[in-house]
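What the coordinates show
If you want the building blocks of each chain, they are given just below.
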Amino acid sequence: QVQLVESGGGLVQPGGSLRLSCPASASIISIYGMGWYRPAPGKQRELVAADTNNGGTNYADSVKGRFTISRDNAKNTVYLQMNSLKPEDTAVYFCKLRATTTYRPYEYDYWGQGTQVTVSS
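In short, a report on the structure. (Residues numbered from 1 in each chain as written. Predicted model: local features only at pLDDT ≥ 70, side-chain atom pairs only at ≥ 80, totals over all residues. Heavy atoms only, no water.)

Some remarks on the sheet that holds strand S8 (residues 77-82)
Heads up, the rule is: When DSSP finds two or more bridges between a pair of strands, those strands are recorded as paired. Elements are defined by DSSP. Helices are runs of H or I of four residues or more, strands are runs of E of two residues or more, and each kind is numbered from the N terminus.
If you walk across this open sheet you meet the four strands as S1-S3-S8-S7, and the pairing is antiparallel. The open sheet terminates on both sides in strands that have one partner only, identified here as strand S1 (3-4) and strand S7 (67-72). Alignment of S1 against strand S3 (residues 18-25), held across two bridges, turns out to be antiparallel. Across the sheet, the residue bridging to Gln-3 is Ser-25, located in S3.

Given below as structure tokens:
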């Protein structure tokens, strides 16, 4: 089974930084996109940051200029650098991989179990 295991969450003071990592234990054929999500009122999960296989990125308005998404294709890992953290950033962050794999040779979304980020003084 494909696994995504997020790490890097924790407790940080406002204005601090965290770096989330999400390595995928999968036999990747092609990656079509990777992203980070968090729960939001009225939604199951909202998009925080995403990138594509062509280098494009997309960010929620609330995190633009503070968060940066990146990936290391050789390691099948997506990262989220979070700077200038605010209390409202507190949430469980989930990573998602959209890819074809040897397990499923068609585009499929693989989800991690989430990592807790708490921003508090």
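Describing the packing of aromatic side chains
The condition that has to hold: Think of it this way: a Phe, Tyr or Trp ring, Trp meaning its six-membered ring, pairs with another when their centres are within 6.5 Å, and the plane angle makes it stacked under 30 degrees, edge-to-face over 60, tilted otherwise. Per-residue accessibility, obtained with a 1.4 Å probe over protein chains only, is compared with the maximum for each type, and a residue is labelled buried under 20%, exposed over 50%, and partly exposed between these values. Placement of a charge over a ring requires the Lys NZ or Arg CZ to be within 6 Å of the ring centre, with the centre-to-atom vector within 35 degrees of the ring normal.
Scanning the model with the defined rule gives three aromatic pairs in all. Plain terms: the ring middles of Tyr-108 and Tyr-110 are 4.7 Å apart, the flat faces sit at 65° to each other, and that makes the pair edge-to-face. On the accessibility criterion, Tyr-110 (5% relative accessible area) is buried. Through pairs of rings, three or more aromatic residues link up here, namely Tyr-106, Tyr-108 and Tyr-110. Over the face of the ring belonging to Phe-94 we find Arg-45, whose NZ or CZ atom lies 3.7 Å from the ring centre.

Considering the state of the cysteines
The condition is simple: Two cysteine sulfurs form what is called a disulfide whenever their separation falls within 2.5 Å.
In this structure the tally under the stated criterion is one disulfide. Each sulfur of the disulfide joining Cys-22 and Cys-95 lies 1.7 Å from the other. Taken together, the positions of Cys-22 in strand S3 and Cys-95 in strand S9 (residues 91-101) put the pair 73 residues apart, joining distant regions of the chain. As far as burial versus exposure is concerned, Cys-22 and Cys-95 are alike and both buried.

Concerning the pairing of S3
Sheet topology note: the S3/S8 ladder contains six bridges and is antiparallel. Residue pairing for S8: Leu-20 is matched across the bridge by Leu-80.

Quick word on the pairing of S9
In regular strands, side chains alternate between the two faces of the sheet. Burial analysis of S9 places nine of its eleven residues in the buried class, the great majority of the element. Relative to S9, strand S4 (residues 28-40) runs antiparallel, the two being bridged by eight bridges. Bridge pairing in S9 links Gly-35 to Lys-96. Of the strand pairs in this sheet, S9 and strand S11 (residues 115-119) are connected by three bridges, and their pairing is antiparallel. Residue pairing in the sheet places Ala-91 in a bridge with Val-117 of S11. Relative to strand S10 (residues 108-111), S9 runs antiparallel, the two sharing four bridges. Among the inter-strand pairings, Ala-99 is bridged to a residue of S10, identified as Tyr-108. As consecutive antiparallel partners, S9 and S10 are separated by six residues.

With respect to the environment of Tyr-79
Stated precisely, the cut-off is as follows: The criterion used for residue contact is that any of the two residues' heavy atoms lie within 4.5 Å.
Looking at the secondary structure, you find Tyr-79 in strand S8. Overall, Tyr-79 belongs to the buried group, its relative accessible area being 15%. For the pair Tyr-79 and Ser-21, spaced 58 residues apart in sequence, the C-alpha to C-alpha distance is 4.6 Å. Setting aside residues no more than four positions away along its own chain, Tyr-79 makes contact with Arg-19, Leu-20, Ser-21, Trp-36, Thr-68, Ile-69, Ser-70, Arg-71 and Asp-72.

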